[in-house]
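Structural features, examined
Take a look at the letters that make up each chain.
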Amino acid sequence: MLHGNGYYRAGHLRSGRPRRRRGAPYGQQVQERPSAPPCTEYDKAYFEAYAHIGIHEEMIKDHVRTTTYRAAIMQYQDSIVGKVVMDVGCGTGILAIFCALAGARRVYAVDASEIAFQASEIVRSNNLSDKIVVLHGRVEDINIEEMVDVIISEWMGYLLLYESMLPSIIFARDKWLKPDGLILPSHATLYMAPITHNDRYRDSIDFWRNVYGIDMSAMLPLAKQCAFEEPCVETITGENVLTWPSPVVRVDCYAVMAEELESVTSKYRFTSMMQARLHGFAFWFDVEFDGPRNVSSTEHLLLPETSSWDATSHTYNSSKKRTKSTETIVLSTAPEDAPTHWQQTLIYFYDPIEVRKDQCIEGSITLSQSKENARFLNIRLEYSSGGRTFVKETVMR
Ligand SMILES: C[S@@+](CC[C@H](N)C(=O)[O-])C[C@H]1O[C@@H](n2cnc3c(N)ncnc32)[C@H](O)[C@@H]1O
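Attention here is on the structure that accompanies the text. Please read these numbers as outputs of a predicted model, since none were measured by experiment. (Residues numbered from 1 in each chain as written. Predicted model: local features only at pLDDT ≥ 70, side-chain atom pairs only at ≥ 80, totals over all residues.)

The next subject is the site of the ligand. Around the ligand there are 23 residues in total, and Tyr 50, Gly 89, Gly 91, Ser 113 and Ser 168 lie nearest to it. In terms of residue count, helix 2 (residues 53-61) provides more of the shell around the ligand than any other element does, three residues in total. (Near = placed C-beta within 6 Å. Helix = DSSP H or I, 4+ residues; strand = E, 2+ residues; numbered from the N terminus.)

Time to look at the nonpolar core. Val 85, Cys 99, Ala 109, Ile 151 and Leu 159 are the most contacted members of the largest nonpolar core, which has 105 residues in total. A total of nine residues in this core trace back to one element, the largest contributor, which is strand 10 (residues 276-289). The residues touching Ala 109, leaving out its near neighbours within four places in the chain, are Asp 87, Cys 90, Gly 93, Ala 96, Ala 119, Ile 132, Val 133, Val 134 and Leu 135. (Core = buried A, V, L, I, M, F, W, Y, C linked by C-beta atoms within 7 Å. Buried ≥ 20, exposed ≤ 12 C-beta atoms within 10 Å, placed from the backbone. Contact = placed C-beta atoms within 7 Å.)

Let us now look at the sheet that holds strand 9 (residues 263-271). Taken in spatial order, the four strands make up an open sheet running 9-14-15-16, and their pairing is antiparallel. Among the strands making up the open sheet, the edge pair consists of strand 9 and strand 16 (388-396). Geometrically, the sheet is characterised by an average inter-axis angle of 15 degrees between neighbouring strands, direction not taken into account. (Pairing = 2+ DSSP bridges. Axes fitted to C-alpha atoms, helices over the stretch in contact; angles between N-to-C directions.)

With that settled, consider the environment of Lys 131. Structurally, Lys 131 can be placed in the loop between helix 6 (115-125) and strand 3 (132-136). Exposure remark for Lys 131: the 19 C-beta atoms within 10 Å place this residue in the partly exposed category. Considered as a pair, Lys 131 and Ala 96 are 35 residues apart in the sequence and their alpha carbons are 9.6 Å apart. Beyond its immediate stretch of four places on either side in the chain, Lys 131 contacts Ala 100, Ala 104, Arg 106 and Val 107.

With an omega of -5 degrees, the peptide bond running from Leu 184 to Pro 185 counts as cis. With respect to the helices and strands, Pro 185 occurs in the loop between strand 5 (177-184) and strand 6 (187-195). In this structure, Leu 159 is a non-glycine residue whose phi angle is positive, near 55 degrees. The topology assignment puts Leu 159 in the loop between strand 4 (148-152) and helix 7 (166-176). If you check the backbone angles, Tyr 212 has positive phi at about 50 degrees while not being a glycine. Here Tyr 212 is to be found in the loop between helix 8 (198-204) and helix 9 (220-228).

Following this line, the structure appears as structure tokens:
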């Protein structure tokens, strides 16, 4: 999906096909460097979309996003001073410049979009050409003469995985990151929760029931299709959310493999905390800047088994979030946190379902890269409540 202003914005193979990677921990066998996947026509269109100023303006003006990255760079300044950094997908060069100002010896700022030309100019006019090398090309195709100490990237799309930029970070990690290198951010988690949104349904659907006294209910099927066929990027509040959220997937950027992202399936089970009309599900993510690889961690991509998240049993969520060190910087796109340009992604049902307090809502969600264009996401949402089962299939394009 292109963002509202016409620009992009901005995937269970649980090690089904194990692959040893370069610099892999725990004395695993070392594999030769990965080879570049082909650059498709879809990829070219994607990079062209990032040549427009609007998307970069929107991202940079997203104060939460940009200042959180800057804060993370400053938190890991000791790991950056005098070191070599790679900014994967540098855009205007803002993160590369933050790293240079934090003391990096050299920053390779890589972007396949023509925005790299502007990044070059910006670097020059800020007298940073001696530190920042802007490379116009895909990170999969560029060549540098040294390994890097740090990889930084802002790669997250709607539903976390839309845009499929994470495989490029994995590629850069496996090819260019030193074994003890730092990745910023280090972890990402996608969440989902059931929502109620009467205002939205009233505005888009019920509106047609009485238009200046005229019954236009004949419009209802078309209105539902147009409003709710595809995922919607909208801002909701905590009041729309019916229960504690459930994690769909958690990614360890040090260990995740591209194959694991091709298709992700996660089961969920919620217990509604109130009587309400269930209009669909909201999705959001957070990323953590958790520092260097935790050598004791065995996680790659975690798909929670069915997790129960009612008022009394949301311990999984609590422990996940609260055992984090208070030092960990988190960029959150949750409805209860300060808004970001990602907002939240909503998957609405065509017709709401009445749920009682304590009623169970369960099912599964599958996010798969589209075979046609890996940057699109095929979504399959199964849900059961009150003895009825439904399936919604949609595409984020
Ligand atoms: C979300 S923007 C982030 C831009 C910038 N880092 C910032 O924070 O403002 C992602 C950028 O990554 C670039 N990009 C995506 N995949 C890439 C790849 N495989 N190689 C090089 N650049 C890539 C896009 O062209 C886009 O400019």
